[in-house]
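Geometric and topological summary
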Amino acid sequence: MPHPIRVVVATPLPDDLFAWMCDKVPAGVEVVREPSLLPPQRWAADFSGDPHFVRSSLDQSRFESLVDTADVLYGIPDVSPAALARTVAHNARLRWVQAMAAGGGSQVRDANLPHDALQRVAFTTSAGVHASLLAEFALFGVLAGAKDLPRLRRQQDQRLWSGRWPMRALCDLTVLVVGMGHIGHKTAELLQRNGIRVVGVTRDGRPRPDAAETVPLAELTTAARRADALVNTLPATDTTEGLIDAEVLGALRPGATVVSVGRGSVIDEDALVRAIRSGTVGAAVLDVFSTEPLPEDSPLWTMPEVIVSPHTAANSPHEEALIAQLFVDNLERFVAGRPLRNRVDTVTFV
């Protein structure tokens, strides 16, 4: 590859982080961006930017011309699979794209790139950057269910001082963590440190130190029969869509808690609504949904057993810096010809 290696910033990036990145990249690398061509951020790590931002025809041509000069893209242009497909098709020198999302593999999948492009261009994600925050949210969800938060909210709204009832102790809980990647690993560690018994679900079911027990995905429904709570940490793939369905939800212990911090498409939302109405699921704490924003007519909005979080559990003031640090580490690997961290498997797109 001719030098210098050209990194084009294709996503909103604060000035201080851009300056930091320019200072930290290896010799022989140039980092370029044009802030006026990128949407303003509404909050930290707002990689999509203000939805009201629209480029003129001239500016759109300038933006496409810029990303078409990249050997490496920092961010998927406009967080759009279609824009990614256009860029890959028009930029023969492109060799690597860093996605901002931990589940960036789904964006690559949705770009429907041809086989030769998938062989030519490496794709990496920010997996691991968000794991600790999502694990904390998962613990919050499990606690909300164990300590009867829906009932407490309902009784407070009614100003009802009821008789006492026994709340569940964490040491008596078995929690099924579905998916033991970065998020699942951190979730299992945090749950175990709080005295909760964790059963991890992986493709092969091999034993792991971060879970008391591990079962293969084929035994998910059987394992659900022993679970007081289920935590979804899985990415969106063809094989995970609707995986947590009516059968799995129906197998959970009565009044179980469902927490979702992976991707919303993993849970059959219609089946979840039915399970909540029947009492099979006593609490659902959800950060992700099949359709986002969650449609106004979704029954999940008004169900007292449900806590709706607008896909914000992973957001923090540190997110952008952590992704930039991960990228610079990977850039050093890229220059040295070493394997990249978090590379997307272009067969399974995880």
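Report on the accompanying structure. (Residues numbered from 1 in each chain as written. Predicted model: local features only at pLDDT ≥ 70, side-chain atom pairs only at ≥ 80, totals over all residues. Heavy atoms only, no water.)

Looking along the chain, the bond that leaves E292 and enters P293 is cis, with omega of -5°. Considering the arrangement of structural elements, one finds P293 in the loop between β11 (281-286) and β12 (306-308). One non-glycine residue, V79, lies in the positive phi region at around 45°. Of note, V79 is situated in the loop between β3 (72-74) and α3 (81-90). (Helix = DSSP H or I, 4+ residues; strand = E, 2+ residues; numbered from the N terminus.)

Per the counting criterion, the structure on display carries four aromatic pairs. Considering the side-chain rings of F137 and F140, the 5.6 Å spacing of their centres and the 55° angle between planes classify their relative orientation as tilted. Of the two residues, F137 and F140 both sit in helix α6 (residues 131-146), three residues apart, roughly one turn of that helix. On the basis of relative accessibility, which here comes to 13%, the residue F137 falls in the buried class. For F140, a relative accessible area of 35% translates into the label partly exposed. Grouping aromatic residues by their ring pairs yields a cluster made of Y74, W96, F327 and F334. (Phe/Tyr/Trp six-rings, centres within 6.5 Å; stacked < 30°, edge-to-face > 60°. Buried < 20%, exposed > 50% of the residue type's maximum accessible area, 1.4 Å probe, protein only.)

Right, let's get into the pattern of salt bridges. Evaluated as defined, the whole model comprises 17 salt bridges. Residue D78 is joined to R55 by a salt bridge in which the shortest nitrogen-to-oxygen separation is 2.8 Å. Highlighted residues: D78 in the loop between β3 and α3 and R55 in the loop between β2 (29-32) and α2 (57-67), separated in sequence by 23 residues. According to the relative accessible area criterion, D78 is partly exposed, its value standing at 35%. Accessibility expressed as a relative area gives 14% for R55, which makes it buried. A salt bridge links E213 to R226; the shortest N-O distance between them is 3.0 Å. One end of the pair, E213, is in strand β8 (residues 213-216); the other, R226, is in the loop between α9 (220-224) and β9 (229-232), with 13 residues separating them in the sequence. Relative accessible area serves as the criterion here: at 24%, E213 is assigned to the partly exposed category. In this structure R226 comes out as partly exposed when scored by relative accessible area, which is 32%. (Salt bridge = Lys/Arg side-chain N within 4 Å of Asp/Glu carboxyl O.)

A few words on the sheet that holds strand β1 (residues 5-9). Here we have five strands laid out as an open sheet, ordered β2-β1-β3-β4-β5, and parallel in their pairing. Looking at strand neighbours, the two that pair on one side only are β2 and β5 (122-124), the edges of this open sheet. Across the sheet, the mean angle separating the axes of adjacent strands is 15° when strand polarity is ignored. Judged from the four bridges that link them, β1 and β2 form a sheet pairing that is parallel. Paired with V8 across the strands is V32, a residue of β2. (Pairing = 2+ DSSP bridges. Axes fitted to C-alpha atoms, helices over the stretch in contact; angles between N-to-C directions.)

As summarised here, the arrangement of the seven strands in space is β8-β7-β6-β9-β10-β11-β12, forming an open sheet in which the pairing is parallel. Each having just a single partner strand, β8 and β12 make up the two edges of the open sheet. Pairwise comparison of adjacent strand axes, ignoring direction, gives a mean angle of 15° for this sheet. Two elements, strand β6 (residues 174-178) and β9, share four bridges in a ladder whose sense is parallel. Within the sheet, the bridge partner assigned to V178 lies in β9 and is N232. Across the sheet, α6 lies against β6, β9, β10 (256-260), β11 and β12, angled at about 160° from β10, the strand it touches most. (Contact = heavy atoms within 4.5 Å.)

What follows concerns the pairing of β11. For a regular strand, side-chain orientation follows a simple rule: the groups alternate between the two sheet faces. When you tally the buried positions in β11, you get five out of six residues, the bulk of the element. For the handedness criterion, the β-α-β arrangement of β10, helix α11 (residues 269-278) and β11 is classed as right-handed. Here three bridges tie β11 to β12, and the two strands are oriented parallel to one another. Each residue of the ladder has a partner; that of A284, found in β12, is V306. (Right-handed = clockwise from strand over helix to strand, strands pointing away.)

What follows concerns the packing of helix α1 (residues 15-24) against helix α12 (residues 319-336). It is at 11 Å that the axes of α1 and α12 come closest, and there the two elements cross at 20°. On the basis of their axis angle, the class for α1 and α12 is roughly parallel. In the crossing of α1 with α12, the sense of the turn from one axis to the other is right-handed. Here L17, W20, M21 and K24 of α1 come into contact with α12, specifically with E320, A321, A324, Q325, F327, V328 and E332. (Parallel < 35°, antiparallel > 145°, perpendicular 65-115°, else oblique. Left-handed = near helix turned anticlockwise from the far one by under 90°.)

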